[in-house]
Amino acid sequence: MKNQKQAYIYAGIAVILWGTAATAMKTALQSYSFLQLLFWSSATALIALGILVVVRKKHRELAALPPKAFVRSAVYGAINPFFYYIILFNAYALLPAQEAQALNYTWPIMLSLLAVPLLGQKISLKNLLAVGISFIGVLIIATGGNLISLSFSNFEGVLFGLGSAVVWALFWIFNIKDKREELIKLFLNFGFGFIYILIAVSLYSEIVYISSKALFSAIYVGLFEMGITFVIWSIALKKSYSAAKVGNLVYLVPFLSLVVIYFVLDEPILFPTIIGLFLIVGGLIFDKISLRHLGLKKK
């Protein structure tokens, strides 16, 4: 049932939760390795999504899916959550939280570029100009404002940050073609993804507790970066008379994230980060990348 007021409420909750996710990831990575964080957070997301499947009575629909649907999720689960969050968590481990979240937020631009060869879309001069504006913002953030010298604060971390945007854009293109119900897709993707994560942790790391603060941060990431917030956002879209009306609220996420980073992590927000982020978001708005691309996500 359409209800624009409720749509704004759900979208606002999603924006607030996503705006706190960068801080939670950085906090958890102070104690856990990226694989350990991925284990705890993905396990949390899988359990939460499983509960939602049962509560919303989607388990019968899940059981009726053909075998090829499970094969598709086995592939998609390797992309997200497995590869995507390995790359993203590495970015957060190597970079200040403000830089990692800003670089990850370039994914709509990556989507716009990848849609040309993968979806057959045409790219205009306006699109290219928007991409140029956003990538100037990326360079300002990555170099700390030293555009002339092009001296990167952490080149490996920058590659991981941009790489996470590319992987998410690829995943979203695949997701566009997948017509299954969103909750079922998420649950199955995380189910198969968790298998890959468990294997990786067994081979290259270990499952540890460490502290209640670290575990709480990991659980928070699983609930509100990976799992439940996607469902809240999808409800907002379904309740809205116009997807664009709630979709543009997503542009608030990186700026809200900076505020939370500053007050919770005591990480000073650098002027180049602010300028770079404005250019990145400005490029997205100029290109009018809204819910047509954003759909269910994000950040």
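Residues numbered from 1 in each chain as written. Predicted model: local features only at pLDDT ≥ 70, side-chain atom pairs only at ≥ 80, totals over all residues. Heavy atoms only, no water.

**Focus on the packing of helix α6 (residues 107-119) against helix α7 (residues 125-142)**
Interhelical geometry of α6 versus α7 gives an angle of 145 degrees and a closest axis separation of 10 Å. With respect to the hand of their crossing, α6 and α7 are arranged in left-handed fashion. Within the contact between the two elements, α6 uses Ile-109, Met-110 and Leu-113 and α7 uses Ala-130, Val-131, Ser-134 and Phe-135. (Axes fitted to C-alpha atoms, helices over the stretch in contact; angles between N-to-C directions. Helix = DSSP H or I, 4+ residues; strand = E, 2+ residues; numbered from the N terminus. Left-handed = near helix turned anticlockwise from the far one by under 90°. Contact = heavy atoms within 4.5 Å.)

**Things to note about unusual backbone geometry**
Cis rather than trans, the peptide bond between Asn-80 and Pro-81 has omega equal to 25 degrees. With respect to the helices, strands and loops of the structure, Pro-81 is situated in helix α4 (residues 67-94). Even without being glycine, Ile-210 reaches a positive phi, approximately 70 degrees. Along the chain, Ile-210 turns up in the loop between α9 (182-204) and α10 (212-239). On the basis of relative accessibility, which here comes to 45%, the residue Ile-210 falls in the partly exposed class. In this structure, Asp-266 takes a positive phi of about 55 degrees despite not being glycine. Within the secondary structure, Asp-266 sits in the loop between α12 (253-265) and α13 (271-286). Asp-266 sits in the exposed class, given a relative accessible area of 63%. (Buried < 20%, exposed > 50% of the residue type's maximum accessible area, 1.4 Å probe, protein only.)

**Looking at the UniProt feature "domain: EamA" (unreviewed entry) in the chain**
In the UniProt entry, the feature "domain: EamA" (unreviewed entry) is given for residues 7-142 and 157-286. Helix makes up 85% of residues 7-142 and strand makes up 0%, while its end C-alpha atoms are separated by 36 Å. (UniProt positions renumbered as here; feature names shortened; annotations may be inferred.)

**Points about α6**
Along α6, the sharpest kink reaches roughly 30 degrees, centred on Leu-113 and followed within four residues by the proline Pro-117. Just downstream of α6, Gly-120 is the residue with a positive phi angle, here 70 degrees. (Bend = angle between axes of the 7 residues up to and from the residue.)

**Topic: the packing of α4 against α10**
It is the contact of α4 with α10, at a shortest axis distance of 14 Å, that shows an interaxial angle of 115 degrees. Of the two elements, α4 crosses α10, and the hand of that crossing is right-handed. Contacts between α4 and α10 pair Tyr-85, Leu-88 and Phe-89 from the former with Val-221, Glu-225 and Met-226 from the latter. Of the residues that constitute the contact of α4 with α10, the class distribution is five nonpolar, no polar and one charged. (Nonpolar A, V, L, I, M, F, W, Y, C, P; charged D, E, K, R; others polar.)

**Some details on the packing of aromatic side chains**
Using the criterion set out here, one finds 18 aromatic pairs in the structure. Summarising the aromatic geometry, the rings of Tyr-76 and Phe-174 are spaced 6.0 Å apart at their centres and angled 5 degrees between planes, so their arrangement reads as stacked. With Tyr-76 in helix α4 and Phe-174 in helix α8 (residues 155-177), this residue pair connects regions lying 98 residues apart in the sequence. With a relative accessible area of 29%, Phe-174 lands in the partly exposed category. Centre to centre, the rings of Phe-82 and Tyr-196 are 6.1 Å apart; their planes meet at 65 degrees, and the pair counts as edge-to-face. (Phe/Tyr/Trp six-rings, centres within 6.5 Å; stacked < 30°, edge-to-face > 60°.)

**Focus: the pattern of salt bridges**
Counted by the stated rule, this structure contains five salt bridges. Ionic pairing is found between Glu-61 and Lys-58, a salt bridge with its closest N-O pair at 3.9 Å. Given a relative accessible area of 19%, Lys-58 falls into the buried group. Between Asp-178 and Arg-72 there is a salt bridge, and its shortest N-O distance comes to 3.4 Å. Here Asp-178 is found in the loop between α8 and α9, whereas its partner Arg-72 is found in helix α4, with 106 residues between them in sequence. (Salt bridge = Lys/Arg side-chain N within 4 Å of Asp/Glu carboxyl O.)

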